[in-house]
Structure formats: structure tokens, C-alpha cells
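# Overview (structure and organization)
Now for the letters of each chain:
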Amino acid sequence: MANADRRSFDDVEVAAPSGARPSSALEEAAERACASIAPTWPLDRFIAVNPFWSRTDKPLPRVAGELAALSGARLLMPRSWFAAEWRAERLRPEHLRAAITASGAEMKVKHLSGLLRIEEPRQSRRPLAVDVMDARCRRELEVSWRDYIMERVSRFCASYFDDGQAHVRPVREGGLYASWRSQVEGDRGPALFMALPEIRSAVASLPKSADEMLTVAAADLGVPPAEREAYFQALLLDINGWASWCAYLRWNARLAGRDDHHIRELLSIRLAWEWILFRAGGEELRTDWGHAVASWPTFDRVAQSARAEDWLLQNAVEIAWSSEVRRMLAEGFAASRPSTPSVQAAFCLDVRSEIYRRALEAQGDVGTIGCAGFFGVAIEYTALASERARPQLPGLMAPKYRVTDTGVPDSLEATRASRLHAGHAWKAFKSTSLSSFAFVDAMGLFFAGTLFGETFGRAARHADEHEAAGLTPAEDAARKPRITSRADGAPLSREERCALAEGVLRGMSLTRGFARLLLLVGHGAATRNNPHASGLECGACGGHSGKVNARAVAALLNDADVRTDLAARGIAIPEATHVLAGLHNTTTDDVSLFDEDAVPATHQRELADLRAKLERASGAARRERAPRLGLGDLSDPDVHAAMIERSKNWAEVRPEWGLAGNASFVIAPRERSRHVDLAGRSFLHDYRFQEDADFAVLEQIMTGPMVVAHWINFQYYASTVDNTRYGCGNKVLHNVVGGHLGVYEGNGGDIRIGLSIQSLHDGERWVHAPLRLSVFLEAPRAAIDGVLDKHPKVRELVDHEWLHLFQLDARDQTVFVRRGGVWQPAPR
Amino acid sequence: MVPHDLPSVALVVARLVPAILVTAVLFVSKRSPFAATSAATSAALGLSVVAVVLHALAPGPTPRGLVQLDVVSSAMLLLVGALSIVVVRYSRTYLAGEQGLVRYARSLLLTLACVTLLVLSKNLALLVVAWLGVGVGMHQLLTFYPRRRQAVIVAHKKFLLARIADLCFFASLVLVDFEVGSLDIDTVNAFARASSGLSPPLHLATVLLVFGILLKTAQLPFHGWILQVMEAPTPVSALLHAGVVNIGGFVMIRLAPLMSRATFAQGLLVAVGLVTAIVGSLVMTTRASIKVVLAWSTIAQMGFMLVQCGLGVWHLALLHLLAHSFYKAHSFLSAGAVVDTWRAGSLVRPRRLALRFVGAAVLVVGLVAAPFYAAFVLSPLHASPSLGPLALALLLSFVPMIGRALAAGRRALALAAMSMVGAAVSYFGWHVVSEEVLLPVDAGAVAPVAWWVVVAGLVGLFAAQTILHANPAGRFARALQPHLHSGLYIDDWFTRLTFRLWPPRLERPASTSRRSSVTLEAR
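Right, let's walk through the structure included here. Computed from a prediction, not measured in an experiment: that's the story for all the values here.

This part covers the overall build of chain B. From N to C terminus, chain B includes 22 helices and 0 strands. Going through the 523 residues of chain B one by one, you find that 64% of them count as buried.

Before going further, it helps to examine empty space enclosed by the protein. Size it by volume and the largest cavity reaches roughly 480 Å³. The wall of the largest cavity is formed by 30 residues, among which A:Glu151, A:Arg155, A:Asn747, B:Gln228 and B:Asp491 lie closest to the centre. For the lining of the largest cavity, the secondary structure elements donating two or more residues are helix 8 (145-161) of chain A together with helix 6 (149-180), helix 9 (224-228), helix 14 (290-310) and helix 22 (490-501) of chain B. Size it by volume and the second largest cavity reaches roughly 230 Å³. Residue lining of the second largest cavity: 16 residues in total, with A:Arg390, A:Glu467, B:Arg343, B:Ser346 and B:Leu347 positioned closest to the centre. Partitioning the lining of the second largest cavity into residue classes produces 4 nonpolar, 4 polar and 8 charged.

This brings us to the packing of aromatic side chains. Residues and elements named next belong to chain A. On inspection of all chains with the given rule, the structure shows 44 aromatic pairs over all chains. Aromatic side chains Phe-161 and Trp-242 sit 5.9 Å apart centroid to centroid with 15 degrees between the ring planes, which places their arrangement in the stacked category. Here Trp-242 lies in helix 14 (residues 240-255) and Phe-161 lies in helix 8, a separation of 81 residues in the sequence. The buried category is assigned to Phe-161, whose relative accessible area is 8%. With relative accessibility at 0%, the residue Trp-242 sits in the buried group. Aromatic ring contacts, followed pair by pair, group Trp-41, Trp-53, Phe-156, Tyr-160, Phe-161, Trp-242, Trp-245, Tyr-248, Trp-251 and Trp-711 into a single cluster. We note Arg-172 situated over the ring of Tyr-160; from NZ or CZ to the ring centre the distance is 5.7 Å. Lying across the ring of Trp-53, Lys-793 places its NZ or CZ 4.5 Å from the centre.

Further remarks concern the nonpolar core. One broad rule of soluble globular proteins: the nonpolar side chains tend to lie buried together. Residues B:Tyr104, B:Trp131, B:Trp225, B:Met252 and B:Phe398 are the most contacted members of the largest nonpolar core, which totals 209 residues. Sequence-distant contacts of B:Trp225, that is, excluding residues within four places in its chain, are made with B:Val154, B:Lys157, B:Lys158, B:Leu161, B:Leu215, B:Lys216, B:Ala218, B:Leu240 and B:Val245. Formed by 193 residues, the second largest nonpolar core is a distinct cluster that contains A:Trp81, A:Trp311, A:Leu805 and B:Ala288.

Basis of the calculations
Residues numbered from 1 in each chain as written. Chains lettered and ligands numbered in written order. Predicted model: local features only at pLDDT ≥ 70, side-chain atom pairs only at ≥ 80, totals over all residues. Heavy atoms only, no water. Helix = DSSP H or I, 4+ residues; strand = E, 2+ residues; numbered from the N terminus. Buried < 20%, exposed > 50% of the residue type's maximum accessible area, 1.4 Å probe, protein only. 1 Å grid on protein atoms, 1.4 Å probe; cavity = no way out; pocket = protein on both sides within 12 Å on 5 of 7 lines; lining within 4 Å. Points joined across faces, edges and corners; volume = space filled by probe spheres on them. Nonpolar A, V, L, I, M, F, W, Y, C, P; charged D, E, K, R; others polar. Phe/Tyr/Trp six-rings, centres within 6.5 Å; stacked < 30°, edge-to-face > 60°. Lys NZ or Arg CZ within 6 Å of the ring centre and 35° of its normal. Core = buried A, V, L, I, M, F, W, Y, C linked by side-chain atoms within 4.5 Å. Contact = heavy atoms within 4.5 Å.

Next comes the structure, spelled out in C-alpha cells:
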């Protein structure tokens, strides 16, 4: 009890000093509701998140039912989609049978396939006070209260959280709620626009603090205590985009050891609107509201049962894919470790690497390795002259080390800073109220040239001009990003550097058999005029290109001191091994190399050979990707030209397909999968459990890369099954909010999370099939169980059906599946 | 070819431009909706260039007829041609995979054909009819996603305003015809030039005309529709903001001789335009989403253009119209890149523009500008009365830039000063060009007080923005920000009024549906 009290005290620290404290039960309900919202990252580091990340403590079908009742969300494709899979014979009776068997349900295959002919039931969500108001007002001819309140709250949040768009913002002192309250007090809009003058008096009596609001509303609205948490959840889900943004602020604060309560205040704001309508709506509304609240359990019950059987269809579609992968992987059980090639290339585990790695391996005498794209070093990057560091690592982690630009004269820092400041000054001329008129007169006609340049002269354009802002091309090229200190600025000891290097190599199970050239390949995308560009970049590098990570780590591994110390730790990198950094451009499939001048003369022949192989591999990878981009009919050089064109075309909304199609994750030595064409649908991570004495690497992979892959997988899943709530809609309507916070679809509404339609759908069909991730792990079952027991959050993912976990048993030549906490041989 | 035939050849070629665009409507196919569109716009731009060059070779009197080609229509024709080719090529890639592209391509062609016809019109009736056609085509484009509630509500509002504007134009035409006996633009202008003052019916006609133009140019309080049409694809926004909303300005310029004598109408233009420019440009700096910022910017810029019309500096209004079109088309089409801009801009934080920097900047700008200004005034080219006030506005415009740079240090200041000089040269350079090439100045009878009102308004705007920026948490900013952010509730009031007068017919939304989005269901 004492513990609980202390926690609630800590949580209240953000609240205004005056006013009643909410009761601890109420407090807890609000806190749990807030904790149920997953974060969303801003557009400049748009990494993938499972939007249900805080709900994995329950089985997915149950979460689907709950969300359907709370927000009307749809977590399954419509039956017509399953029917299309059935007609295309990708979904067959044996898959349905397997799904029924696995579930233990009593059902015949034809009963399940019969479902494909019936349209799914329409989902209804629990009514909120706004809905009661809407129903009562019968405003079907006009803007609904629900839309209007969403619009007002969203517009306010956009201004409050704005970071670089507006010049004039609402005052932030006092916090989100206080700022909103002072804004809404003077706001004549609602009374005027919605023609409900009674609102003014309700607004005038709004409580002073967010906590007080919570208490007052809870008392007045009469929601039963047991329903409070669900009610609060429904309110947050009603403004899920901004709630997710606030959850991001909290996530970041907690990574840094602080806390953040914006989400609590957002809840109070949304609750305040319910309360305002309740107060302004009169006696009739109060009666209706009482009935609505009483009906909630019915909504829950209906939502839970409505599509329960459809989950068997979902399972069956996943079985169709995983049984195929299983069959192919099983063919690799006999494969043994290949001899050391002359070049090894380590790629990000990203599904796009799978295509490229196959293409590169086909060139002969090249071995490839899959690992996390940040190579396991938790860095942040402070670019030359930059005042802030940007994290270049997965969103689950906090940075520990800092990379800075070296190799340029010290004076360049001040030069770049002043150029950037001059850029800001120019922007002030462009966008300040008065000067915007003079700007147009002076500069407007020159934009005719820019317009035509973008339309006809794309050759001269570059995708990531912002990276080199304030630098000439030569100055930009001279920069060498290196790990220079710890994130807090403290110097890095020799021992720490060695430990870092050891982590990199053990993480990719590369501790012996080093080739003469070891290539570390980061990846990045090249797109123009694309608000979600960073979503195509390396998620493991925080939604940035992996160039900086690859270069910094390569330099670390070439360090003579590090190598000496590594040898002492049992990893002997031969003197003849040189580590080289590269970047895989996933839009064009070109691979560029860095720091080539540091390659010793003895390796020049290998280097030339590698370049030739990379070029051929790029061509082959492009050829494989071309049909999906509608470029299948072109010749090789034309495909290349067309892909470059796409990467520079400012109107291109489908520059590449990103990670669409992702459905499996193979964590095993490469020889298990090397013979298999996984069609760019599989994440790949190299792992040799024999070299992982205490299974520390296994633990790291299962808690790191596996979770990240699951996040990506579920971002795609959720964006596909319910793009309205978990995707960001149509790209051609996108409207960037606050400089980089997110997008509106169109004029306003909630800020949108997730992926756009254009990332998932080619205009005729879904390019991404929403399948939960099938993870294939080669490690002893006991070791896997050990990690799962140690990390309940990861165990939940497996046991609550958020992903499927298979074990590759090379000794028994069998594939096992973990279901309901028990391993069993996967049916053939 | 006999030289004196050239003008009529130019006209024939010019006539082909709308003809080709409208003919292409028939050739839009479902398989490649943009093939015919692309070919037609390329041909239209090519023909426009030919016509303009032919006209430039032999600038003679315009033959009788319904169309004409002079400097103004040449400039507009080239503008529309350039925009159309950019917008079509953009749409072709951008909208790939969308449903309803045939309707889109046809509406786009229709709109462009009407705009080109409009800029070529020599007759007011034809001009108004073409304008009507622009409205019809634009309405189709703006409701490209007919299932989006917001899009439908806004299109309704816009439709309503457009019809009121049409009524105004129609009444105005009747009055003009009644007074002048012709709707031929040259005849009307000649009539105005010849008369010492306008008759009351003509005053009424010009006021009606201006009122209609205020509606169509998104001036306060009728601006709401342009803010909310982001529910249509980006290239539609670009076309609307760069090629359609400014037609009102073009019509004013076209009728410059008449308008120069229409004191009341000019007064209305200055008053409404100035208020719109000031309010719009302030609201612009409070909004947080890029397309809404751009829309408020358009509202303000259109206000500024109409002020220029009201002051009788027609050449500057035309310059502003053209420059704004290219600028705004680019801004919309590249609106996705704000994140990249943000990334570059976030490397170093901009320095706060404290009051002492503003003061210093005023000094710096004054010192730097004085010799240039003197040289320019003393040059034999220019002695126009507009120069003083405009130069003052320009100098104040440089203050935020120089202030920011001052706050950031010496080297940034040097770079910013260079930018300032460049921008100033460009500013006056374009003015010289517009004054010499574009249009003979026909200032008419603008009361000097109008200039003073405008200057006072712009200085007031400068003061307001300075206070808002220098002390964003101060009393003034606190009091003003919420109201500015809500656009002073003008549109709330106006929308309520339209709903009351003429409610839109919308399908009743399903109880579970949120703001409806395009739902792409797999079949």
C-alpha cells in the first residue's frame, strides 16, 4: 500500500499545485489507460512500432475484440481478402485443417471455408458522450461533434507541440492542459460554429488542473469505477494519433531516466470535452448517456464474438506461408559451414537485404552475414556543427556512445554553423508576415526555374541534400564519422572500445574464419519530397541511413589496439583482414563504398573484384525487384535508370516497396537458408548457438532484433488491416504537421500514425499480406525457453500469438513450434 | 509572310491553345489517362510560346473578335502553359493507382482550357463564361474523393460562393453593357479613358465586379473554402493556388483603365485586400501544418495583389501574380520536403529575435540600403510615386533576416547581408522589368491617402509581428495567439451562415465510421 501511495505521489508532480487530487483508484485507471497507448516516432526518425505494444499481455484475438468495442478498430482483413487468397489457391483446405487442428476447435474445414462467402459483421463501438450528443442533435447534414472536437483538440495539439512550423505558439508554461484551458476559454469557435451557446458557461467552469478535471468528470459523468479504465482508453483511442505522440514523449523521457505526463493531460482534455457536452447538453442528454453507459458490456460481448472464427482464417493464411518456408529451410539441415571466402559482407537483417544477399552470393566466393543494421553499437550521431545529437539505434534502446565527424579542419565547424544560421535568416525573410510579400516579388519568378528543374532536370537532384546542408560536396565527402566519446561526453577507454568491437563480432556470430575483406553494409533509401522518407531508411539506425554506423564500426574494427585486445579475448582478426564500410541504397540497389583510400595496397585486387561483384549483384537484385515496381519489361540499364529516376522524382509516391511483404525471420547460420529464395519477405540474422556459450547472444537477439522485427511486422500488419486508425491514409493528401511531428490526411483531423496506403497497396491489390511474423530459430529449445522465462514481455509475444516461434533442430532434422507454451513438432 | 498579318496569325495560334486542351478531353482513355493530357499540355505550351513570339515580333493593334493577345495575356498564357505541364507531369506519377483518373484528367483539361480561354478573352461575357467553366472544372477536381465528408462540405461552401460571385458578375455585365453599349474589353476601357468620371451605374458595376472578385480570390471573410480544400490531391491544390485563385487579379489588370477611374471599387479593393493581407499573414505564422500555412499565405498574397490593384500599380500587381504563382506551385508540390528542410534546419537552432536585434537590424538595413535607394531614385528610369512606400516595406522586410543573422554572429551576418543585397537587386530588377516591359502605368486617380493607409497598415503589421516574435510569451502574444490561430472566427461565423442558408446534402455517416478516408478494400 505504501508503495502504491508513493507512486501516485510521483505521478502527480506535473499537476498544478491547486485542486483536488484524484483518488488512487481513479488515478490508477487513468494511468493504466495511458499506458495502453504505444508511442509513435516523428517523421525525421520514423521507425516502425507495433501500435499494440502495450497490449501484448493479452492474446491478440482478445485485444482485437477489445479494440473493436472501444474504437471500432478492425484487426483482421475483410473476409473478401481471405476469399481472394482462397481463389488464388494460396490458401488451401490443408491450411484450414491445420489451423483448426492447432486451435483444438471442433470444426469442419467446409464450415470454415463457408465463412468466406459471408460478409463479416459490421462492428459497433461503445458510444461516448460525443456520440450521444451527435445522435441527439441529428446533425447529419453538418459537421458532427465527434469530428469537430477531434479537429479542435488536434489543432490545438499541433500548435502546442509544433516544432518549427509556426512562428507563434501557444504558451507552454503550465503544461498542455493549462494551455488548452486558457485557449478554449477565449475560443468563440465552438459556441459559434456548433451553435450551442450553452458551451460558454460549461467552458468557463472548467477545473484548473488536469487532475482536478479527472476527478470532476469522473464524479459528474457517473461512469462505474470498473468501466473507468476502458472509458479512458476509448477517449485516448479517439485521438489515438496525438495520444501516441504523447506516449512517444513519455517513452523518450523514460529511456533517458525521466518521466513525462503529457498523455495524462491529453486524456484530461479529451475528457473535458465529454464533460462540457454533458454539462451543455441538458437533461435529455444525461438520460441518454446513462443508457449508453449501461450498454457498454453488450458492445464488449458482441465485439469479442463477432470475428472469433476469422482468426482461424488468419492462422491458416500464416500456416500457408510458414509451412512453405519450413519445408525449404528443412532442406538446408544437411548443409555444413562453408569455407572462408575472400570477401565477407555483413548486411542489416532487413528483408530488402535478403534479395541483395542472394544476388551477391551468386557472384561466387562471397559470404554474407545478417545482423542488426546498427551493428550492435548504441550510438548517437552529432554531425559537424550540429547542436543536437540524433539517435542512430533502435527505438528500444538509449544511446551510450557518440559519433562525431572527424577528418575536417576545426574551422569548418564554425563555417558550417554560420552558413546554417544564414539559412535560418533567409527563412525569416521568406516566411515572416510582412516580408513574405517582398519575398514573393523578389524571388517568386525564380521558382519557375526550380519547377522546371524538378520536372525535367532530375539528374542534378539529390535525395538527401539535407544531410549536407551548409557544406560543399568536397567538405561533405571529407567527413569521417567515428566513435569519439561516450554519450555523456566522457572519453572512451581502450577497454570499452575493445568490448564494443567484441560485441559487434559476437552479435553476428563472426569470431573466426575472417576473410581478407570484411564489408559492413548499412542501408538507406533515396527518395525526394517524401514526408515518410525515414520510414524507408534503416529502422535499427533510428530511421536514418546506416552509413554513419557502418563507417564508425568499420573504423573501430580496423583499430590496431582494438585488434590486439580482441585477440586476448579469443577473437583473432588476422592482420590481412581489412574492414570496409558500404551503403546499400535500397531504392536503386546500388552499393557504395566508403573510406576506400584506407584500403591497403595489398587489397586493391580484392577491392576491384568486390566492386565488380557488387555491380553485378545490384543488377541482379534490381532485376528481381523490377516486376513489382512495374518495370519488369525494361532492359537492365533501363531498369537502373528508371529506379534512379524514381528516387529523384518529387512526385513519386511509391519509390520502393520498403519492407512490404515481410512475414518471417530466420535466426540461424546462413547455410540453412542460403539455397532458399525467400522473395524478400524474410528478415535474416546469423546465429551459431555453438559459439554462444552462455546464450547471451541468443538473449540479445530475441530481446533486440526479434522484437524490432515484430514491431516492423506489426506496423505493416496494423496499417494494412485498419489503415484509418493505424495507417496514415492516402499520401496524396498528406499535410505535414509541426515541421516533423507527423501528417494530417487532408486539412486536419487526428495526426496519423503508421504507413500510407501507397506503401501497402499498388492501386489494384494489397502488396503487403498482413501475416504475423514466423520466427525460425536455430538454438536449443531449453535455451530459447530460458530466454523467454527471463523476459516475460518476449514470452507474451510468443504465447499470446503476436508471432509464431519455430525452432530449427538440425540434429533431429525437425522443425518444432511453440504453441501454448509447449514445443511440438510442426506438422508437415 | 506580310508583317501586318502576324498579329492575326498569332491570334489564330493562340486560339488553338484552348481548342487543343478541350479537344483532348475526348481522347482521355482509361488505360493511360494522362497520355492525351500530357500531349495536349505540351502542345498548348508550345503553341503559346509560338503565339507569344509571333505577337512580340509584330505588336500591332488587335483585330476585332472575341480574343486578344497582348503583353498581359501573353504572360498569363505562358504562366498557365508552364503550370499545366508541371502539374500534369506531377499528377501522372503522383496519382498512379488512384481510382477516377479519367474524370480527373478530363476535369483538369477542362479547367486549363477555360483558364487559357479566359486569359485570351477580349470580351467580358466570354471571360465570365470561361470563368464559370474554370469553376466547374475545379469543383470536379476538388471533389476528387467524393467520399470525404470534409471535401464535400468545403466544395459546397465554395460552390455557394461561386454562384454569388457569378450573380455579381452577371449584374455587373448588364450594367456595363447598358452604359457602354458593348462588352468588348477594349471598348469598355476606351470608354473609361475618354470619360472624366464614371457614371453611377458604372460605379455600381465595378463595385459588383470587385465584390465577386473578393469572393473568388478568397478574401476575408469569404476565405474559408481555400483553407479547407486540402482534401484534394496536392497537384490540385497547386493548380488552384497558382493558376485559379489569382484570376480575379488578372481581371482587374485587364480592366485597369476602367478600374483606375472606379474610386469606390478601388477603395474596396484596398480596404479588403489590406485587411486580408495583414490578418492572413499573421494567421499564417500561427498555424502548424504546412498546407494550411500555404493556404493562409495565398490568402494574404492575394490580398496584397488586390491592394496593388487598388493602388493602381497594375504592373506590380501582374508581377506579383506571376511570381506568386510559380512560388506557390512549387511550395505545394514540394510540401512533402518540409521534413527534409526541418532536418537541415534543426542542426542549429535559430536564435531568438530579441528587440535589441530588431533595432540593430533596422539600423543596418537603413545604412546598407541608403546608397542603393538613392542611386535608384536618382536614376532617370524611375520616378514613380509608388517607389517610396514600396522601398520602405522592403526595408522593413529585411529586418527579421538581418536581426536573426545579427543574433547568430558576424559571419552569418555577412552571408545574410549578401542575401539581402541580392534580394533587393532582384526586387527592384523585376520592378524595372515589369514597368518597362509588362504594362504602361495607368495609375489613374488613386487618392494619396490610400498609399498612406497601406503604408500605415504594413508598418502596423511589422510592429505586430515584431512584438509576437520578440516576446512570444508576453501579454500581447498571449492575448492574440488563440484568436489568430482560429482565424479570428471569421470562417466559423461564415460557415454557420452558409449551413443555415443552404445546408449541404451529405450521406449520414455510419455510427462507427471516423473521418472517412479512402478505403481501399481488396475485392
